[in-house]
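Examination of the molecular architecture
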Amino acid sequence: MSNYWWRLPGPTKFLQAIISDIRSGKNVIVCLPEIADNGLVNIIHRGIKEEADLFVRRLQFQNDDDPYTFLVKNLLPQDDRYFEVDINNLVENEDLSRTLVIISNPSQDLNAWSDFLQKFQHLQKKIDPIDRCLLCIVHHEVYPDYLPKQDVCLGIHSFIGVNSEIDLEFYLHQIFNRDSAYQDIINRLIISIAGQIVTDDPELCDILINQDLNGIIYPFSLLKELCIKRNWTTHLNTKFLDKYGNPDKKLINLGLLSLIGGVPKLHPCCLTSPERKIELVSRIWSGQVRVLLPHLEITRHKLLSLLKDMLTIPHKKKLNGVIVEIDNLDDLEFGDIEFQLIDKMRNKEWYPEKGMIELVGNLKNIRNNLSHQTPVDADIIINTVKMVDDILL
């Protein structure tokens, strides 16, 4: 996971809340989706070194010891190990004073650690906050079966509803690296479409942002590959809302469902089946609309300015069976312009510049596709953008 991810506004706020709890003398449990890597551990470590006078120990939980035994084995010298279970041995040990212990990937079942922390933090209330040995548990499950309640010496931080659409698009801008052979409009399209497709998944962001325009408009095969890699295929038919309309916690734990700006959003890997494909297509279309519609409007006005001396006003056309008269040149659409150009060429009133009629026809077709919520093929977009540059610039 790129460090850029944790510099986004949402994740930065999430991270600052964790560090603030630690600085105030609280133990913390951090609950992340399963697809998250341990990049957060590095950021917490760095933040504590910069902002708090604590010695940091990092431990990877890799056995079946109970929490007390695991901590005693890893934190206390051989001579000082007390295997008679007494949590005070850890709470009151002066050698552990002003120490932060970051524990990554505790046993998949967090219950034992939750029970331990409940007792551990309760005993710490008699210790000055600045002198405590603090535990930071980083667990890859947003909604574990059991979590202790937040308390004076314990903070709980779950990575859910942290990012907004703006966060995700900003991240895509940060990691985007494209050579100058691509036109700016194509670059912006790739970022915009990727921004509509992605959820809280930096690896997916990295994959999509490195696709060409065709790959980002037709991402189905790469999404299926990612789904297989993560062993998600058995979960794809799960209903993402329960009978009460609440988001499915299992899907959130896996990373298959996120809350983006507070709104439930399925991971695009869930949207490759025929039943749900329409939602993925809608996201791709939405990403195109955000970039192409303003570009089309700017191009239309350039065309009108270039062709104003040969276009005729008023212009009559049939719309829904009714004859409509257009009296303002600025109101002519691409179809109107194309009709007049073809008519004048047939009557030998005008000899078009090479490619002009094809360009106007392409622009009309792109506009019609977007108006009917249909994504535009990459080849048509690329060819049309090139023609606009050749003819209108």
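Every value quoted in this text rests on a predicted model; they were computed, and no experiment measured them.

A surface patch of negative charge is lined by D327, D330, D331 and E333. Looking at where E333 falls in the secondary structure, it is placed in the loop between β9 (322-326) and α13 (334-346).

Enumeration over the complete set of coordinates arrives at seven aromatic pairs. Measuring from centroid to centroid gives 5.1 Å for W5 and Y171, while their planes differ by 90°, and the two rings are edge-to-face. Here W5 is found in the segment before α1 (9-23), whereas its partner Y171 is found in helix α6 (residues 165-175), with 166 residues between them in sequence. Assigned by exposure class, W5 and Y171 land together as buried. Both rings, one in F70 and one in W113, keep their centres 6.0 Å apart while their planes meet at 80°; by these two values the pair is edge-to-face. Of the two residues, F70 sits in helix α3 (residues 67-75) while W113 sits in helix α5 (residues 111-123), which places them 43 residues apart along the sequence. We classify F70 as buried; its relative accessible area is 2%. Look at W113 and you get buried, because its relative accessible area is 1%.

So, about the packing of α13 against helix α14 (residues 356-371). One way to put it is that α13 packs onto α14 with a least axis distance of 9 Å and a crossing angle of 155°. Overall, the two elements α13 and α14 adopt an arrangement that is roughly antiparallel. Considering the relative orientation of α13 and α14, their crossing is left-handed. For the pair formed by α13 and α14, the contact residues are F334, G335, I337, E338, L341, I342 and M345 on the first element and M356, I357, V360, G361, L363, K364 and R367 on the second. Grouping the amino acids of the contact of α13 with α14 by side-chain chemistry returns nine nonpolar, two polar and three charged.

Our focus in this paragraph is the pairing of strand β8 (residues 315-319). Pairing of β8 with β9 involves five bridges; the strand directions are antiparallel. Following the sheet pairing, K316 is matched in β9 by E325. Joining the antiparallel neighbours β8 and β9 is a turn of two residues, in which N320 adopts a positive phi near 55°.

Quick look at the sheet that holds strand β3 (residues 99-104) now. Across a sheet, paired strands are connected by hydrogen bonds in the backbone, their directions being either parallel or antiparallel. Judged by pairing direction, the sheet is parallel, and its five strands sit side by side in the order β2-β3-β4-β1-β5 without closing on themselves. In this open sheet, the two edge strands, each paired with only one partner strand, are β2 (55-60) and β5 (154-158). For this sheet, the mean angle separating the axes of adjacent strands, direction not counted, is 15°. Examined bridge by bridge, strand β1 (residues 27-31) and β5 share five bridges and lie parallel to one another. Bridge pairing in β5 places V30 opposite H157. The strands touched by α1 are β1, β3, β4 (133-139) and β5; relative to β5, the strand with the most contacts, the crossing angle is about 170°. Along the sheet, α3 contacts β2, β3 and β4; its crossing angle with β2, the most-contacted strand, is approximately 125°.

A word on the pattern of salt bridges. A side chain with one charge may pair with a side chain of the opposite charge, provided their charged atoms come close. Inspection of every chain in the model, using the stated rule, returns 17 salt bridges. Between E279 and R283 there is a salt bridge whose closest N-O contact spans 2.8 Å. Placement of both E279 and R283 in helix α12 (residues 277-307) is noted, with a separation of four residues, approximately one turn of the helix. The exposure class of E279 is partly exposed, given its relative accessible area of 34%. R283 gets classed as buried once you look at its relative accessible area, which sits at 7%. K317 is the salt-bridge partner of D336, the closest N and O atoms lying 3.1 Å from each other. Linking D336 in helix α13 with K317 in strand β8, this pair joins segments that are 19 residues apart in sequence. The class for K317 is partly exposed, based on a relative accessible area of 25%. Here the salt bridges do not stand alone but share partners, grouping D201, E203, K229 and R230 into one network.

Parameters at a glance
Residues numbered from 1 in each chain as written. Predicted model: local features only at pLDDT ≥ 70, side-chain atom pairs only at ≥ 80, totals over all residues. Heavy atoms only, no water. Patch = residues over 30% accessible without salt bridge, like charges linked within 9 Å, V, L, I, M, F, W, Y side chains within 5 Å. Areas by Shrake-Rupley, 256 points an atom, 1.4 Å probe, with all protein chains shown as cover. Salt bridge = Lys/Arg side-chain N within 4 Å of Asp/Glu carboxyl O. Lys, Arg positive; Asp, Glu negative; His and termini not counted. Charge placed at Lys NZ, Arg CZ, Asp CG, Glu CD. Helix = DSSP H or I, 4+ residues; strand = E, 2+ residues; numbered from the N terminus. Phe/Tyr/Trp six-rings, centres within 6.5 Å; stacked < 30°, edge-to-face > 60°. Buried < 20%, exposed > 50% of the residue type's maximum accessible area, 1.4 Å probe, protein only. Axes fitted to C-alpha atoms, helices over the stretch in contact; angles between N-to-C directions. Parallel < 35°, antiparallel > 145°, perpendicular 65-115°, else oblique. Left-handed = near helix turned anticlockwise from the far one by under 90°. Contact = heavy atoms within 4.5 Å. Nonpolar A, V, L, I, M, F, W, Y, C, P; charged D, E, K, R; others polar. Pairing = 2+ DSSP bridges.

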